[in-house]
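An overview of the molecular structure
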Amino acid sequence: MTYHRRFLFWWALLLFLCKLGSRRQLDFQLRDGELWILDNVNRLSGCQQESLPVNKTLSHFLGHVGSRPVAELRTQCVQRLIRNKVLDASRLLGRLVFAVDGTGFLSFKQRHCPHCLVHRNGSAVYYLHPVLEAKRVDIRGLAISIGSEFIENPMEVPREPSPDPATLTEYEKVKQDCELKAFARLATQLKAAFPQLRLCASGDSLYACGTALTLCEQNQWSFVLTFKSGRTPSLWQDFEGLLKLCPDNRLKCTLADGTHQLFRWVNDLDYQDAQDRWHKVNALLLEESVGQEKQRFAWITDLPLRPNTVGAVAAQGGRVRSKIENQGFNLQKNSGLNLEHAYSTEPDVLKAFYYLLQIAHLFLQMFEMGSLLQHLAKEYGCSPRQLFGSLRNLNQRLLECFRYFQLSEEVLLSAPGQIRLVDSS
């Protein structure tokens, strides 16, 4: 039996759209000739297949296709959203903000492949496959993957690490891949995919260094990066000293929930990095208080800091970075998408499944935050999550509809509508 690639791609996406959790569940949840599954996948893909494949067919297919075409499909989906201005509502001073951060993808107790990173925890040795993600984030909770770079060793390393912890530590520092090395590769990827797009990078204090600043400057990206005294001590000292000389650079405001905010800032700070490169940055300090609780945040940025911009820079550029963890990684790991599950034993097929998961998560966010579902929930006086109880329940209903109801010709043949995101906060 031969299956068209469109058919197999849709079947693969349903693995994640319905949050089945493992490839094996395709054989139990999406392979029943007496239900509407085959007919619905044919309608979605425009094919006329006579039977449903087994889950091993999907893995075999992705092994031949490879991960790169799937990554390109993810990029095309994002480019379409950008062209249609779906993501424009929360631009920061005209720029689309993307958060960059690494996360654990897979972990093994034995070496999985020559590219595994090696990590020692006491007497135990783990073999890791982390990934560096760039996700388009905004204050509504959107966290759409726009670029991925796998953090992996490019060449084969000894089969087992040295038992000497000092040797392993030196190996990790010198030989192994890391987030900053991966960010250089990710930057090249993002620039090729979005050459004219005005972007702003949001990252933690790891990226507040000469390497990341240089990459942003070379690609003409703005940046809002977490500023900590321990990461750049000399720059922090300059900032603290100049704050006293800029008493007018302050703004007080009170939010609707009673949170008191105090912004203080300094523009045009000179920073010399470890490679003796000079950078010009602005620094912003935010002190918040709610009752007796106080919090303090600081960022460096190239964006102009003025009374009419500091609030947006802090909210849409600095604090929005948390969305990559909460609405991004945590959701993909714990809501049924099962990011940390090994969907294959082949390294490149694993990457293909990873990109499929990112595409499916993009679709789900458009569905969950889209105007149609929001309007339906409002008819019942609640949010979509309240209407269904949880996002997992929402995907369970999607699976039930796909199994027991036929997709109508009217829906599939009608002119494509415009996706509109609604602020659900």
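Quick caveat: nothing in here was measured; it's all calculated off a predicted structure.

1. Brief notes about the overall build of the protein chain
- Broken down by element type, the protein chain carries 16 helices and ten strands.
- Here the protein chain has a C-alpha radius of gyration of 24 Å; the compact-globule value for 425 residues is 22 Å, and the two agree.
- Counting only residues that meet the buried cut, the protein chain has 50% of its 425 residues in that class.
- The contacts in the protein chain between residues at least 6 apart in sequence include a share of 68% that link residues at least 24 apart.
- When the accessible surface of the protein chain is split by element, carbon and sulfur atoms take 50% of a total near 21300 Å².
- Charged side chains in the protein chain number 50 positive and 43 negative. The centres of these two groups are separated by 2 Å.

2. Some words on the packing of aromatic side chains
- By the definition in use, this model includes 15 aromatic pairs.
- The interplanar angle of 85° and the centroid separation of 5.9 Å between the aromatic rings of Phe150 and Tyr355 together place this pair among those described as edge-to-face. Of this pair, Phe150 sits in strand S4 (residues 143–150) while Tyr355 sits in helix H12 (residues 347–369), and the two are 205 residues apart along the sequence. Taken individually, Phe150 and Tyr355 each receive the classification buried, so the pair is uniform in this respect.
- Relative to Trp299, the ring of Phe297 lies with its centre 6.0 Å away and its plane at 5°, an arrangement referred to as stacked.
- Taking relative accessible area as the criterion, Trp299 reaches 4% and is therefore assigned buried.
- Grouping aromatic residues by their ring pairs yields a cluster made of Phe105, Phe150, Tyr354 and Tyr355.

3. Considerations on the pairing of strand S5 (residues 199–203)
- Summarising burial for S5: five of the five residues are buried, a large majority.
- Because side chains alternate across S5, one face comprises the buried residues Leu199, Ala201 and Gly203, and the other comprises Cys200 and Ser202, equally buried.
- With four bridges connecting them, strand S1 (residues 96–108) and S5 associate as parallel partners. Bridge assignment links Leu96 to a residue of S5, and that residue is Leu199.
- Where S5 and strand S6 (residues 222–226) come together, four bridges link them in parallel fashion. Counted as the bridge partner of Ser202 is Val224 from S6.

4. Observations concerning the pattern of salt bridges
- If you walk through the whole model with that rule in mind, you get 13 salt bridges.
- Here Glu287 and Arg264 are joined by a salt bridge, their closest N and O atoms 4.0 Å apart. With Glu287 in strand S9 (residues 278–290) and Arg264 in strand S8 (residues 260–272), this pair connects stretches of sequence that are 23 residues apart.
- As a salt-bridge pair, Asp270 and Lys280 come within 2.8 Å of each other at their nearest N and O atoms. Of this pair, Asp270 sits in strand S8 while Lys280 sits in strand S9, and the two are ten residues apart along the sequence.
- A single network of salt bridges, built from pairs that share partners, joins Glu149, Asp177 and Arg185.

5. Some words on the state of the cysteines
- Scanning all chains against the criterion turns up zero disulfides.
- Of all cysteine sulfurs in the structure, the one in Cys401 sits closest to Cys18, which takes part in no disulfide; the separation is 9.8 Å.
- The class of Cys18 is buried, set by a relative accessible area of 4%.

6. Side note on unusual backbone geometry
- At Lys19, a position not held by glycine, the phi torsion is positive, near 50°.
- Residue position: Lys19 is located in the loop between helix H1 (5–17) and helix H2 (26–29).
- Here Lys19 falls in the buried class, since its relative accessible area comes to 11%.
- At Asp268, a residue that is not glycine, the phi angle is positive and equals roughly 60°.

7. Some details on helix H13 (residues 371–379)
- Turning to H13, its buried residues number three or more, namely Ser371, Leu373, Gln374 and Ala377. For H13, the buried positions fall inside an angular range of 165° around the axis, keeping them on one side. Away from the buried face of H13 by more than 90 degrees, exposed residues Leu372 and Glu379 are located.
- Count one or two residues on from H13 and you reach Gly381, which has phi positive near 70°.

8. Describing the pairing of S4
- Most of S4 sits out of view: eight of its eight residues are buried.
- Pairing of strand S3 (residues 124–137) with S4 involves seven bridges; the strand directions are antiparallel. Considered in S4, the bridge of Ala134 is made with Gly147.
- If you look at the hairpin formed by S3 and S4, you'll find five residues sitting between the two strands, and Gly141 has a positive phi there, around 110°.

9. Thoughts on the environment of Thr345
- With respect to the element layout, Thr345 can be found in the loop between helix H11 (322–334) and H12.
- For Thr345, a relative accessible area of 63% puts it in the exposed group.
- When the C-alpha positions of Thr345 and Leu286 are compared, they lie 47 Å apart, and in sequence the two are 59 residues distant.

10. Observations concerning the packing of helix H4 (residues 55–65) against H12
- Their axes nearest at 9 Å, the elements H4 and H12 cross at an angle of 105°. With respect to H12, the axis of H4 lies roughly perpendicular. For the pair formed by H4 and H12, the contact residues are Leu58, Ser59, Leu62 and Gly63 on the first element and Val349, Ala352, Phe353 and Leu356 on the second.
- Broken down by class, the residue content of the contact of H4 with H12 amounts to six nonpolar, two polar and no charged.

About the criteria used
- Residues numbered from 1 in each chain as written.
- Predicted model: local features only at pLDDT ≥ 70, side-chain atom pairs only at ≥ 80, totals over all residues.
- Heavy atoms only, no water.
- Helix = DSSP H or I, 4+ residues; strand = E, 2+ residues; numbered from the N terminus.
- Rg over C-alpha atoms; globule rule 2.2 N^0.38 Å.
- Buried < 20%, exposed > 50% of the residue type's maximum accessible area, 1.4 Å probe, protein only.
- Contact = heavy atoms within 4.5 Å.
- Areas by Shrake-Rupley, 256 points an atom, 1.4 Å probe, with all protein chains shown as cover.
- Lys, Arg positive; Asp, Glu negative; His and termini not counted.
- Charge placed at Lys NZ, Arg CZ, Asp CG, Glu CD.
- Phe/Tyr/Trp six-rings, centres within 6.5 Å; stacked < 30°, edge-to-face > 60°.
- Pairing = 2+ DSSP bridges.
- Salt bridge = Lys/Arg side-chain N within 4 Å of Asp/Glu carboxyl O.
- Disulfide = S-S within 2.5 Å.
- Arc of directions from axis to C-beta.
- Axes fitted to C-alpha atoms, helices over the stretch in contact; angles between N-to-C directions.
- Parallel < 35°, antiparallel > 145°, perpendicular 65-115°, else oblique.
- Nonpolar A, V, L, I, M, F, W, Y, C, P; charged D, E, K, R; others polar.

Geometry only, nothing functional implied.
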